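Read off the chains here:
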Amino acid sequence: KMGKTLQGVSVALKQGQVTPTELCQRCLSLIKKTKFLNAYITVSEEVALKQAEEAEKRYKKGHSLGDLDGIPIAVKDNFSTSGIETTCASNMLKGYVPPYNATVVQKLLDQGALLMGKTNLDEFAMGSGSTDGIFGPVKNPWSYSKQYREKRKQNSHSENEDSNWLITGGSSGGSAAAVSAFTCFAALGSDTGGSTRNPAAHCGVVGLKPSYGLVSRHGLIPLVNSMDVPGILTRCVDDAATVLGILAGHDSKDSTTIQDPVRPFTLPSLTDVSKLCIGIPKEYLTPELSSEVHSLWSKAANLFESEGAKVIEVSLPHTSYSIVCYHVLCTSEVASNMARFDGLEYGHRCDSNVSTEAMYAATRREGFNDVVRGRILSGNFFLLKENYENYFVKAQKVRRLIANDFVNVFNSGVDVLLTPTTLSEAVPYTEFIKEDNRTRSAQDDIFTQAVNMAGLPAVSVPMALSTQGLPIGLQFIGRAFCDQQLLTVAKWFEKQVQFPVIQLQELMDDCSSVFENEKLASVSLK
């Protein structure tokens, strides 16, 4: 198994079983083979190979920088990367090259990580499918897995595979697909209402949304300042903890980061869960929840109970208001944040020179898609002087009630909450685009967005494959800044369920040579 996880490959690098350059070339080769997934917007091949060369020198001297040295990673294209185009999958920023790195990117590079490229997303991270960016939709690697294809044959579906590919979920779908397809060992996403956890669930990977304030947002192009958090996507819980340990900490460039978090985030192996209390929020049993997700959720609760944990039903009474509350707050902050894209200082500028006003309007009309423009319009409506008290202020009060629901549950002795991450498994693209973006986001983020409003840590862990052969993830929610406890529970759960490795051999048949020459063939492509 050593070739599959970040920790495993880190050991292989330290023992000299593989060099950083070989690892980098292997991932670049896989990125090319899986290009049709559209997971990457930019592949930074030269940068990565140069970083690999530096890492190699360090390993030869026995001076490795740590667990991330020489490890391929990917970064969502709404994080600023110095000298590398950062587009937010929008015409507004096409061709924009930032002069600095986001703090989280810098921290990864300082540890010797290899930046493979920038990953695809919904435009400005607004969406839950990774289908709405200007570079086109991301395809879920599980669409091409042996597990899904065999189930489709059994259910005698027409082999019209090309039109039946599945979405990755969003908005960090490129990062989730990149990790799922083995093109990197960890990826950064962002999470404003579920944008890291949702695609993680659909792509069978681990998606962590850290506590608000634990990880710097500096250089993450803002969507909703009060809810955005950089997210982490990996193939196992331990790897997410490793990356969090590197990213967590105060940043003078982000005043919302807390002074000194508990580090590092190495996870103890939990053997006894009998002291744990797991809460099951009764409001999360919604009519839209698919029966399959529901039954796995119950099964997970029973698993904890059978191992001695206390499992209790809890109430988060204001859950039903969270969608409308989130919509008001999210669009209001978006409207404010998007005002900076005026065609003057960076990004797209239209050709019109009739007047400054006309230039602003035309620039924004050409630069933003319908979804972004729609949210700007909604937000500005809620912020109008005559509406401010009735909408924005009221939503802030409801947000406080939602946050207090969680505080009350955790104060009653509950350690972590166990919920679904998504309503169902990944759906085919053709199904997904029948609904408009706003309806979809409201439905898809129903279990995830309250966590952002409350600033809590949460992680989606893949549990099992559906009857269709597709991944289903469950979400664990922890107390604020108890990210380590949350991940420790998630790690125990991961070990119990033994989620299967994606089998992509059809996809990889023509590239078996990449994995031939030595022990890293253990990427379970068997």
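Owing to the predicted nature of the structure, the values given are computational and were not obtained by experimental measurement. Every residue gets a number counted from 1 within its own chain, in the order that chain's sequence is written. At least 70 in pLDDT is required for a residue's local features to be given in this predicted model, at least 80 for side-chain atom pairs to be given and counted, and no such filter applies to totals for whole chains, interfaces and linings, which use all residues. In computing side-chain values, all of the structure's heavy atoms are included and hydrogens and water are not.

Student: Just checking my understanding: could you explain the pairing of strand β10 (residues 458-465) for this structure?
Tutor: Remark: a regular strand shows side chains that alternate across the two faces of the sheet. In terms of burial, β10 is a largely internal element, 7 of the 8 residues being buried. Here the rule is simple: two strands pair whenever DSSP picks up at least two bridges between them. Each helix is a run of DSSP H or I of at least 4 residues and each strand a run of E of at least 2, with the numbering of both proceeding from the N terminus. Where strand β5 (residues 206-209) and β10 come together, 3 bridges link them in antiparallel fashion. Counted as the bridge partner of L208 is V459 from β10. Linkage of β10 to strand β11 (residues 471-477), two consecutive antiparallel strands, is achieved through a turn of 5 residues, within which G469 is found at a positive phi near 85°. A simple rule labels every residue: compare its accessible area, found with a 1.4 Å probe on the protein chains alone, to the largest value its type can have, and call it buried under 20%, exposed over 50%, or partly exposed in between.

Student: Can you help me understand the sheet that holds strand β9 (residues 416-420) in this one?
Tutor: Either a parallel or an antiparallel arrangement is found when strands of a sheet pair, and the pairing is made through backbone hydrogen bonds. Overall, mixed pairing links the 11 strands, which are arranged β1-β3-β2-β4-β6-β5-β10-β11-β9-β7-β8 in an open sheet. Looking along the sheet, the strands with just one partner apiece sit at the ends: β1 (40-43) and β8 (310-314). Going from strand to strand, the sheet's axes swing by 30° on average, the running direction of each strand aside. By the bridge criterion, 3 bridges tie β5 to strand β6 (residues 229-234) in an arrangement that is antiparallel. Counted as the bridge partner of V206 is T234 from β6. To get an axis, a line is fitted to the C-alpha atoms, and for a helix only the part in contact is used. The angle between two axes follows their N-to-C directions and goes from 0 to 180 degrees.

Student: I'm lost on the packing of aromatic side chains in this one. Help?
Tutor: Any two aromatic rings considered together are summarised by their centre-to-centre distance and by the angle between their planes. Aromatic contacts are taken between Phe, Tyr and Trp rings whose centres are within 6.5 Å, Trp giving its six-membered ring; a plane angle under 30 degrees counts as stacked, one over 60 as edge-to-face, and the others as tilted. Following the criterion strictly, the structure yields 17 aromatic pairs and no others. Feature note: the residues Y96, F124, F341, Y346 and F368 constitute an aromatic cluster, connected by ring pairs.

Student: What is the right way to look at helix α9 (residues 291-306) in this model?
Tutor: Working note: α-helix, 3.6 residues per turn, so residues spaced by three or four point in the same direction. Each residue after the first adds 1.5 Å to the expected span of a helix. Under the 1.5 Å per step criterion, the end-to-end length of α9 is 22 Å for 16 residues, consistent within 8% with the ideal 22 Å. Within α9, burial applies to V293, L296, W297, A300, A301 and F304. Buried residues along α9 cover an arc of 140° about the axis, so they all sit on one side. α9 presents S291, K299 and S306 as exposed residues on the side facing more than 90 degrees away from its buried surface. At its buried positions, α9 is contacted by β7 (277-281), β8, β9, β10, β11 and α17 (483-497). G308 sits one or two residues past α9 and shows a positive phi near 100°. Directions are taken from the helix axis to each C-beta atom, and the arc is the one they span. Any two residues whose heavy atoms approach within 4.5 Å are treated as being in contact.

Student: Help me understand the packing of helix α4 (residues 103-110) against helix α8 (residues 237-247) in this model?
Tutor: Axis angle and axis distance: for two packed helices, these are the angle between their axes and the distance between the axes, and together they describe the pair. Viewed as axis vectors pointing N to C, α4 and α8 meet at an angle of 110°, and their least axial separation amounts to 9 Å. When the interaxial angle is binned, α4 and α8 end up roughly perpendicular. In this structure, α4 uses V104, K107 and L108 to contact α8, whose residues at the interface are V243, I246 and L247. Its residues assigned to classes, the contact of α4 with α8 shows 5 nonpolar, no polar and 1 charged. For classification, angles of less than 35 degrees are called roughly parallel, those exceeding 145 degrees roughly antiparallel, those between 65 and 115 degrees roughly perpendicular, and all remaining angles oblique. Lys, Arg, Asp and Glu make up the charged group, whereas Ala, Val, Leu, Ile, Met, Phe, Trp, Tyr, Cys and Pro make up the nonpolar group; the residues left over, Gly among them, are polar.

Student: It is not clear to me how the pairing of β8 should be interpreted in this structure. Could you clarify?
Tutor: Sheet topology note: the β7/β8 ladder contains 5 bridges and is parallel. Bridging from a neighbouring strand, I280 pairs with E313 of β8. Handedness of the crossover joining β7 and β8 through α9 is recorded here as right-handed. Orient the strands so they point away from the viewer; a crossover is then right-handed if the path from the first strand over the helix to the second runs clockwise.

Student: Could you clarify how one ought to interpret the layout of surface pockets in this entry?
Tutor: With a probe scaled to a water molecule rolled over the atoms, the places where space remains empty come into view. Estimates place the volume of the largest pocket at around 630 Å³. Whether a set of points on the 1 Å grid over the protein atoms alone is a cavity depends on a 1.4 Å probe fitting there but being unable to get out, while an open set qualifies as a pocket with protein on both sides within 12 Å along at least five of seven lines; lining residues are those with an atom within 4 Å of a point. As for the largest pocket, its lining consists of 25 residues, and the residues nearest its centre are K4, T5, R235, C236 and E494. Among the secondary structure elements, those contributing two or more residues to the lining of the largest pocket are α8, β10 and α17. Top element by residues in the lining of the largest pocket is α17. It accounts for 3 residues. Class assignment for the residues of the lining of the largest pocket results in 12 nonpolar, 5 polar and 8 charged. Grid points are joined across faces, edges and corners, and a volume is the space filled by probe spheres set on the points.

Student: Where do I start with unusual backbone geometry in this structure?
Tutor: Glycine aside, negative phi is the norm for most residues, and most peptide bonds take the trans geometry. Omega for the peptide link from G170 to S171 comes to 10°, which places this bond in the cis form. One can find S171 in the loop between α5 (146-154) and α6 (173-180). Residues other than glycine seldom take positive phi values, yet C88 does so here, at roughly 55°. Following the sequence through the fold, C88 ends up in the loop between β2 (72-76) and α4. Assessed through its relative accessible area of 1%, C88 is described here as buried. Phi is positive for F182, which is not a glycine, with a value near 70°.

Student: Got a minute to help me understand the nonpolar core in this structure?
Tutor: Note on soluble globular proteins: their nonpolar side chains tend to be buried together. F124, I278, F304, F406, L418, F476 and F493 are the most contacted members of the largest nonpolar core, which has 138 residues in total. Discounting residues that sit within four places of it in the chain, F476 has contacts with F304, V416, L417, L418, P457, A458, V459, V461, L486, V489, A490 and F493. Among buried residues, those of type Ala, Val, Leu, Ile, Met, Phe, Trp, Tyr and Cys that are joined through side-chain atoms within 4.5 Å constitute a nonpolar core.

Student: Could you clarify how one ought to interpret the UniProt feature "domain: Amidase" (unreviewed entry) in the protein chain in this entry?
Tutor: In the UniProt entry, the feature "domain: Amidase" (unreviewed entry) is given for residues 27-145 and 166-487. Between the end C-alpha atoms of residues 27-145 the distance is 18 Å, and the span holds 27% helix and 13% strand. UniProt positions are given in the numbering used here, feature names are shortened, and annotations may be inferred rather than shown by experiment.

Student: What is the right way to look at the UniProt feature "active site" (unreviewed entry) in the protein chain in this model?
Tutor: If you check UniProt for "active site" (unreviewed entry), the listed places come out as K76, S171 and S195 in our numbering. A maximum C-alpha distance of 11.0 Å among these annotated residues, which run over 120 residues, shows that they cluster at one spot. Not counting the four nearest positions on each side in its chain, K76 is found in contact with K118, T119, L121, A125, S171, S172, S175, L188, G189, S190 and S195. The topology assignment puts S195 in the loop between β4 (186-191) and α7 (197-203). Take S195: its relative accessible area is 5%, and that puts it in the buried class. Once residues within four sequence positions are removed from consideration, S195 is found in contact with K76, A125, G127, G170, S171, S172 and S190. Separated by 2.9 Å, the side chains of S195 and S171 make a polar contact. Here a polar contact means two N or O atoms within 3.5 Å. Within protein one must be a hydrogen donor candidate and the other an acceptor candidate, and residues neighboring in sequence count only if both atoms are side-chain atoms.

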